[in-house]
Amino acid sequence: MRVNNMKKILSFLLILSVVFTFASCSDKKTAEETTASPVVESTTEKAPQTKPAIIAGKSIMLKSADSRDYVEIMTDSGNNGANVMIYKFYDTDAEYEAAKAKKNEGKYAFVGEIDANRQLIFSDSEAVKGMTYDEILAAAENVEGYVIVPAAE
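Residues numbered from 1 in each chain as written. Predicted model: local features only at pLDDT ≥ 70, side-chain atom pairs only at ≥ 80, totals over all residues. Heavy atoms only, no water.

1. Quick word on the sheet that holds strand S5 (residues 119–124)
Here comes step 1: With antiparallel pairing, six strands are arranged side by side in an open sheet as S4-S5-S3-S2-S1-S6. The open sheet terminates on both sides in strands that have one partner only, identified here as strand S4 (109–114) and strand S6 (146–149). Sheet twist, expressed as the average angle between the axes of neighbouring strands with direction ignored, equals 20 degrees.
Here comes step 2: By the bridge criterion, four bridges tie strand S1 (residues 59–64) to S6 in an arrangement that is antiparallel. Each residue of the ladder has a partner; that of Ser64, found in S6, is Tyr146. (Pairing = 2+ DSSP bridges. Helix = DSSP H or I, 4+ residues; strand = E, 2+ residues; numbered from the N terminus. Axes fitted to C-alpha atoms, helices over the stretch in contact; angles between N-to-C directions.)

2. Side note on the nonpolar core
Here comes step 1: Residues Ile60, Val71, Ile73, Val84 and Leu120 are the most contacted members of the largest nonpolar core, which totals 16 residues.
Here comes step 2: Those elements that place two or more of their residues in this core are S1, strand S2 (70–75), strand S3 (81–89), helix H2 (93–102), S5 and helix H3 (133–140).
Here comes step 3: Of all the elements, H3 adds the most residues to this core, at four residues.
Here comes step 4: Look past the residues within four positions of Ile73 in its chain and what remains in contact with it is Lys58, Ser59, Ile60, Leu62, Asn83, Val84, Val128 and Ile136.
Here comes step 5: Core analysis: the second largest hydrophobic core is formed by six residues, Met61, Tyr87, Phe89 and Ile121 among them. (Core = buried A, V, L, I, M, F, W, Y, C linked by side-chain atoms within 4.5 Å. Buried < 20%, exposed > 50% of the residue type's maximum accessible area, 1.4 Å probe, protein only. Contact = heavy atoms within 4.5 Å.)

3. Here we look at the packing of aromatic side chains
For any pair of aromatic rings, the description rests on two quantities: the centre-to-centre distance and the angle between the ring planes.
Here comes step 1: Applying the stated criterion to the full structure yields four aromatic pairs.
Here comes step 2: Relative to Tyr87, the ring of Tyr70 has its centre 4.5 Å away and its plane inclined at 20 degrees; by these criteria the two rings are stacked. Of this pair, Tyr70 sits in strand S2 while Tyr87 sits in strand S3, and the two are 17 residues apart along the sequence. Here Tyr70 matches Tyr87 in class, with each residue buried.
Here comes step 3: Among the aromatic side chains, those forming a connected cluster through ring pairs are Tyr70, Tyr87 and Phe89. (Phe/Tyr/Trp six-rings, centres within 6.5 Å; stacked < 30°, edge-to-face > 60°.)

4. Description of H2
Here comes step 1: Among the residues making up H2, those that are buried are Tyr96, Ala99 and Lys100. Viewed along the axis of H2, the buried residues span an arc of 100 degrees, placing them on a single side of the element. Structural note: H2 exposes Ala94, Ala101 and Lys102 on the side pointing more than 90 degrees away from its buried face.
Here comes step 2: Each element contacted by the buried residues of H2 is listed here: S4 and S5.
Here comes step 3: A positive phi of about 45 degrees marks Lys103, the residue just after H2. (Arc of directions from axis to C-beta.)

5. As for the pattern of salt bridges
Here comes step 1: Under the definition given, this model contains eight salt bridges.
Here comes step 2: Residues Glu113 and Lys100 are paired through a salt bridge, measuring 3.8 Å at the closest nitrogen-oxygen approach. One end of the pair, Glu113, is in strand S4; the other, Lys100, is in helix H2, with 13 residues separating them in the sequence.
Here comes step 3: On the accessibility criterion, Glu113 (33% relative accessible area) is partly exposed.
Here comes step 4: A residue is classified by how much of its surface remains accessible, and Lys100, at 16% relative accessible area, is buried.
Here comes step 5: Note that Asp124 and Lys107 form a salt bridge whose closest N and O atoms lie 3.6 Å from each other. Note that Asp124 is positioned in strand S5 and Lys107 in the loop between H2 and S4, a separation of 17 residues in sequence. (Salt bridge = Lys/Arg side-chain N within 4 Å of Asp/Glu carboxyl O.)

Function cannot be read off these values alone, since they describe shape.
Structure representation (structure tokens):
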């Protein structure tokens, strides 16, 4: 009787191991599919190059010369202005909490906050509406207090 019980236990363990093996294979496939999906590149994490990329669907990054704030101007696939994202950083908790309570930056729409960085994010799709990439780039070169962060190629 003990041998039969042992056989049943071993059979059960074998079935469990097969089930877990198939389950782990399907997880790997999902991870591979996720890895193969398109990835949006962030120009802020890469080392600056010599000039901004002039490619439709890319971003133009402007960094404040006086603070950690920066602006990202995005174009659509038709090489037209799509959206402006404003990333504001605050030096003290008090400044950050006061700004977060207002969630207001003029005409810009509040998008979100990152407490760990004391950062508020705003958006404006009207600022670049009807402008081409070249027009946006020319205007960005003349924005006082901001410098263009060259895009990685």
